[in-house]
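A structural walkthrough
Here is how the chains run, residue by residue.
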Amino acid sequence: MTHNIERLREFVATVSRLTQQAGTRGQDEAQLLGAATAPLQALVAHDDWLPAEMAQAHPDYYQQHLLYCDPLDRFSLVSFVWGPGHQTPVHDHTVWGLIGVLRGAEIDQRYRDEGGRMVPDGEPERLSAGQVAAVSPTLGDVHRVRNAYDDRVSISIHLYGGNIGRIRRHVFDVATGAVKPFVSGYANAFVPNLWAAPTA
Ligand code: FE
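Residues numbered from 1 in each chain as written. Predicted model: local features only at pLDDT ≥ 70, side-chain atom pairs only at ≥ 80, totals over all residues. Heavy atoms only, no water.

**Some remarks on the overall build of the protein chain**
Where we set the bar: Counting from the N terminus, the helices are DSSP H or I runs at least four residues long and the strands are E runs at least two residues long. With C-alpha atoms as the basis for the radius of gyration, the globule rule is written as 2.2 Å multiplied by the number of residues raised to the power 0.38. In this scheme, a residue with accessible area under 20% of its type's maximum is buried, one over 50% is exposed, and one in between is partly exposed, where area comes from a 1.4 Å probe on protein chains only. A contact between two residues is defined here by any heavy atoms of the two lying within 4.5 Å. Accessible surface area values rest on a Shrake-Rupley calculation with a 1.4 Å probe, where residue burial reflects the displayed protein chains alone. Think of it this way: Lys and Arg go in the positive column, Asp and Glu in the negative one, and His and the chain ends go nowhere. We put the charge of a Lys on NZ, of an Arg on CZ, of an Asp on CG and of a Glu on CD.
Within the protein chain, the secondary structure is distributed over two helices and 12 strands. Reading the helices (α) and strands (β) of the protein chain from amino to carboxyl end gives α-α-β-β-β-β-β-β-β-β-β-β-β-β. Computed over its C-alpha atoms, the radius of gyration of the protein chain comes to 16 Å, within 12% of the 16 Å expected for a compact globule of 200 residues. With the principal axes as the frame, the protein chain shows a C-alpha extent of 55 × 45 × 30 Å. The buried share of the protein chain, reckoned over its 200 residues, is 46%. Considering only contacts within the protein chain whose residues lie at least 6 apart along the sequence, 75% involve residues at least 24 apart. Surface accessibility of the protein chain: about 9900 Å² in total, with carbon and sulfur atoms responsible for 51%. For the protein chain, the distance from the average site of its 17 positive side-chain charges to the average site of its 22 negative ones is 2 Å.

**Examining the environment of Val-101**
Along the chain, Val-101 falls in strand 4 (residues 97–103). According to the relative accessible area criterion, Val-101 is buried, its value standing at 0%. Val-101 sits 55 residues away from Ser-156 along the chain, and the two C-alpha atoms are 4.1 Å apart. Aside from chain neighbours lying at most four places away, what touches Val-101 is Val-44, Glu-106, Leu-127, Ser-128, Ala-129, Gly-130, Gln-131, Ile-155 and Ser-156.

**Observations concerning the nonpolar core**
To keep it simple, the criterion reads: By convention a nonpolar core is built from buried Ala, Val, Leu, Ile, Met, Phe, Trp, Tyr and Cys residues, the set being connected through side-chain atoms within 4.5 Å.
Judged by nonpolar contacts, the single largest core of 30 residues is most densely connected at Leu-50, Ile-157 and Leu-159. Elements supplying a minimum of two residues to this core: helix 1 (5–25), helix 2 (29–44), strand 1 (63–69), strand 2 (76–82), strand 4 and strand 10 (154–160).

**Focus: the pattern of salt bridges**
This is how the line gets drawn: The working definition used for a salt bridge is a side-chain nitrogen of Lys or Arg within 4 Å of a carboxyl oxygen of Asp or Glu.
Summed over the entire model, instances satisfying the criterion amount to seven salt bridges. Across the pair Asp-121 and Arg-112 runs a salt bridge, and its minimum N-O distance is 3.4 Å.

It is worth stressing that arrangement in space is one thing and function is another; only the former is reported here.
Set out below in structure tokens:
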């Protein structure tokens, strides 16, 4: 598989432009989220650009590899690598986010607050390669995501309206109603070279 890093660089340039326009026009987050959906769909329509290091699964946990973070923390782009059966806790984001599935499939279960406890909100949604879903404090910000497969890796590309690995957010214990703060961080020490010459 070739690694057409140009796709990633172009996507980062597009989102940088959108973010800058949003800042100068006073657009709200929902408009920015809407404007970034088609570019993310285009990015995950081709599975030929993600560097192998950013596609590495961990045997026990899903991995969050930072692909790029805006120097002003206006957005970040993360490769989530789901090993067989891996899933998140029930969690929030506190900023808008777009989830695009690059490889395999995942199951997205939304939750809502009912008297101080998180309960499932609607049926779980299956997202397959090429599909994009949104989260945000206004659209619904609490969910649990899991790999749809028990026997293979799935990968999704997540765009967030902030430096998601550094944001203080929350995990919810569905059984007890307990809420815990957490900061996810990133698994990788180095980010991809978006400025490399294209591979022939
Ligand atoms: Fe999430």
